[in-house]
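An overview of the molecular structure
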Amino acid sequence: MPESAGSAVSAGSVESVEVPAAESVELPESAESAESGGAPSVPRARRRGRTALLIATAAVLGLVAGTCAGYLVQADREPTKLPSLSQPVVAQAKGDGPEPLSAAQDHRVKTDGDLRKLLLPRPKGTKVPDWAPEQDGWLDLAGYADSLDNSDREFGDLIASEFRRGAGVSWTAGSTYNAEIRLVQYRQEENLGAAERASWWKVDDTSSWAIPGVNEGMVYLYKVERKAGYLPLYKALASASRGDIAMEIWIYDTKPIPKSKIMDLAKRQMERL
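Below: a short report on this structure. The shown structure was predicted, so the numbers you read here are calculated from the model rather than taken from an experiment. (Residues numbered from 1 in each chain as written. Predicted model: local features only at pLDDT ≥ 70, side-chain atom pairs only at ≥ 80, totals over all residues. Heavy atoms only, no water.)

Each helix and strand in the protein was counted, giving 7 helices and 6 strands. Considering the protein as a whole, with its 273 residues, one finds that 29% of them fall into the buried category. The contacts of the protein with a sequence gap of at least 6 include a subset with a gap of at least 24, amounting to 56%. Here the protein has roughly 19,800 Å² of accessible surface; of this, 55% comes from carbon and sulfur atoms. (Helix = DSSP H or I, 4+ residues; strand = E, 2+ residues; numbered from the N terminus. Buried < 20%, exposed > 50% of the residue type's maximum accessible area, 1.4 Å probe, protein only. Contact = heavy atoms within 4.5 Å. Areas by Shrake-Rupley, 256 points an atom, 1.4 Å probe, with all protein chains shown as cover.)

Below is the structure:
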C-alpha cells in the first residue's frame, strides 16, 4: 500500500535537510537600541512639539466651548431693565436767590448792553458831520473799515481779529476842528483782538505818552502834514483797551492840538468802560 504523504516517517529514514541561513538584515539604530535593552533614541524636540500642539488645541477648544456656553446662558436670561431717563424733580430752594451782580461789579453786564451808552456825549454847541461813519450811533464792520486808510486791508484784518460790533460818536466845532470816538468790541474767542487793535497805531512820526491808570493806553501827537495848496493838518490819537473793547479817539485840526485836550478825552472815556 503506497505511503501517504501525511504518514509518519521513522526517525532513521529521515534525511538531514539543510536549512538555508537567514540573511542578515540591517536594523535601524532605534531597533538596535531596543534589542540591546535601551530606550529608542527618539528626539526630545519632537516629543515636546507634539505635547505643545495638543495643549494649544485643547486651550482653543476650551475657549470656544466656554464662549458658546456663555452665549447660551445669557440668551436664557431675562433682559435687564434700564433705569428710567426721567429723573426725580428737585424742589427749588425757597427765596429769591442771590441778587445779580451790578454793572459796577460785573464788567460783562456793562459791555454786553447798549454799547452806545458807554460813549462820551457829544459836546454842546458842536455839530454832527456829514462824513460820520456811524449810523444812529452804531458802527458796522464796513463803515468802520471805510473810515480807515487802506480800507480793503483793514476789512480783512477786522474779520481776522473777530470784529463783533462797534459804536461811535463824531462832531465838528468851528470850520476846522473834528473829533471822533470809536468803541470797537471783539469776540476774542481765539485771540485778544481788542488789545492787539489798541497797539496797532504806534508809528515812528509821533510823540507819545501813557494814559494814567490805563494798561497800555497811549496818547499820540502826529507830526504836522503839509501839502502845497492846503492848510496844515494836525492829528492826535488816543488808543486803549479794556476787556474786549478797544477805544480810539481822533482829533483833526489845522492848528496844533494840545496834548491836554486829547488826554482829557481819553481819561473821561476810559472811566466809562
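For the rest of this paragraph, the subject is the layout of surface pockets. In this model, the largest pocket occupies a volume close to 450 Å³. Along the walls of the largest pocket sit 16 residues, with Asp149, Trp201, Tyr222, Lys235 and Trp250 positioned nearest its centre. Broken down by secondary-structure element, the contributors of at least two residues to the lining of the largest pocket are helix H5 (151–160), strand E2 (177–186) and strand E6 (245–253). Taken together, the residues of the lining of the largest pocket sort by class into 7 nonpolar, 1 polar and 8 charged. (1 Å grid on protein atoms, 1.4 Å probe; cavity = no way out; pocket = protein on both sides within 12 Å on 5 of 7 lines; lining within 4 Å. Points joined across faces, edges and corners; volume = space filled by probe spheres on them. Nonpolar A, V, L, I, M, F, W, Y, C, P; charged D, E, K, R; others polar.)

Before going further, it helps to examine the nonpolar core. In this structure, Met247, Ile249, Ile251 and Ile262 are the most contacted members of the largest nonpolar core, which totals 30 residues. Contributions of two or more residues to this core are made by strand E1 (163–173), E2, strand E4 (218–222), strand E5 (234–242), E6 and helix H7 (259–271). With 5 residues, H7 is the largest single contributor of residues to this core. The residues contacting isoleucine 251, other than those within four sequence positions of it, are Tyr177, Asn178, Ala179, Tyr234, Lys235, Ala236, Ile257, Lys261, Ile262 and Leu265. Residues Leu148, Tyr186, Tyr220 and Tyr222 belong to the second largest nonpolar core, which totals 16 residues. (Core = buried A, V, L, I, M, F, W, Y, C linked by side-chain atoms within 4.5 Å.)

Strand pairs in the sheet, formed through backbone hydrogen bonds, run parallel or antiparallel to each other. With respect to topology, 6 strands assemble into an open sheet ordered E1-E2-E6-E5-E4-E3, the strand pairing being antiparallel. Only two strands of the sheet have a single partner each, and these edge strands are E1 and strand E3 (206–210). Strand-to-strand twist across the sheet, computed as the mean angle between neighbouring axes with direction ignored, equals 15°. Where H7 meets the sheet, it contacts E1, E2, E3, E4, E5 and E6, and its direction lies at approximately 155° from that of E6. (Pairing = 2+ DSSP bridges. Axes fitted to C-alpha atoms, helices over the stretch in contact; angles between N-to-C directions.)

We now examine the packing of aromatic side chains. Under the definition given, this model contains 4 aromatic pairs. Aromatic pair tyrosine 144 and phenylalanine 163: ring centres 6.4 Å apart, planes at 25°, arrangement stacked. Residue tyrosine 144 is found in helix H4 (residues 141–146), and its partner phenylalanine 163 is found in strand E1; the two are separated by 19 residues along the sequence. Here the aromatic residues Tyr144, Phe163 and Tyr186 are joined through ring pairs into a cluster of three or more. The cationic tip of lysine 235 hangs over the ring face of tyrosine 222; the distance from NZ or CZ to the ring centre is 4.7 Å. (Phe/Tyr/Trp six-rings, centres within 6.5 Å; stacked < 30°, edge-to-face > 60°. Lys NZ or Arg CZ within 6 Å of the ring centre and 35° of its normal.)

The next subject is the pattern of salt bridges. Enumeration over the complete set of coordinates arrives at 9 salt bridges. With a shortest N-O distance of 3.4 Å, glutamate 154 and arginine 153 are connected by a salt bridge. Judged by relative accessible area, which is 2%, glutamate 154 ranks as buried. A salt bridge links arginine 197 to glutamate 154; the shortest N-O distance between them is 2.7 Å. (Salt bridge = Lys/Arg side-chain N within 4 Å of Asp/Glu carboxyl O.)

With that out of the way, let us pick up unusual backbone geometry. A positive phi angle is found at asparagine 150, which is not glycine, with a value near 55°. Of note, asparagine 150 is situated in the loop between H4 and H5.

Bringing the side chain of threonine 172 into the picture now. Structurally, threonine 172 can be placed in strand E1. Setting aside residues up to four positions removed in sequence, threonine 172 forms contacts with Thr126, Lys127, Pro129, Trp131, Tyr177 and Asn178.

Between the first and last C-alpha of H7 there are 19 Å, a value that for 13 residues agrees with the 18 Å anticipated at 1.5 Å per step. Where H7 is buried, its residues contact E1, E2, E3, E4, E5 and E6. (Expected span 1.5 Å × (residues − 1).)

Attention now goes to the pairing of E1. The buried fraction of E1 is high, at 9 of 11 residues. Relative to E2, E1 runs antiparallel, the two being bridged by 10 bridges. Bridge assignment links valine 169 to a residue of E2, and that residue is isoleucine 181. Taken together, E1 and the strand that follows it, E2, pair antiparallel across an intervening segment of 3 residues, in which glycine 174 is found at a positive phi of about 75°.

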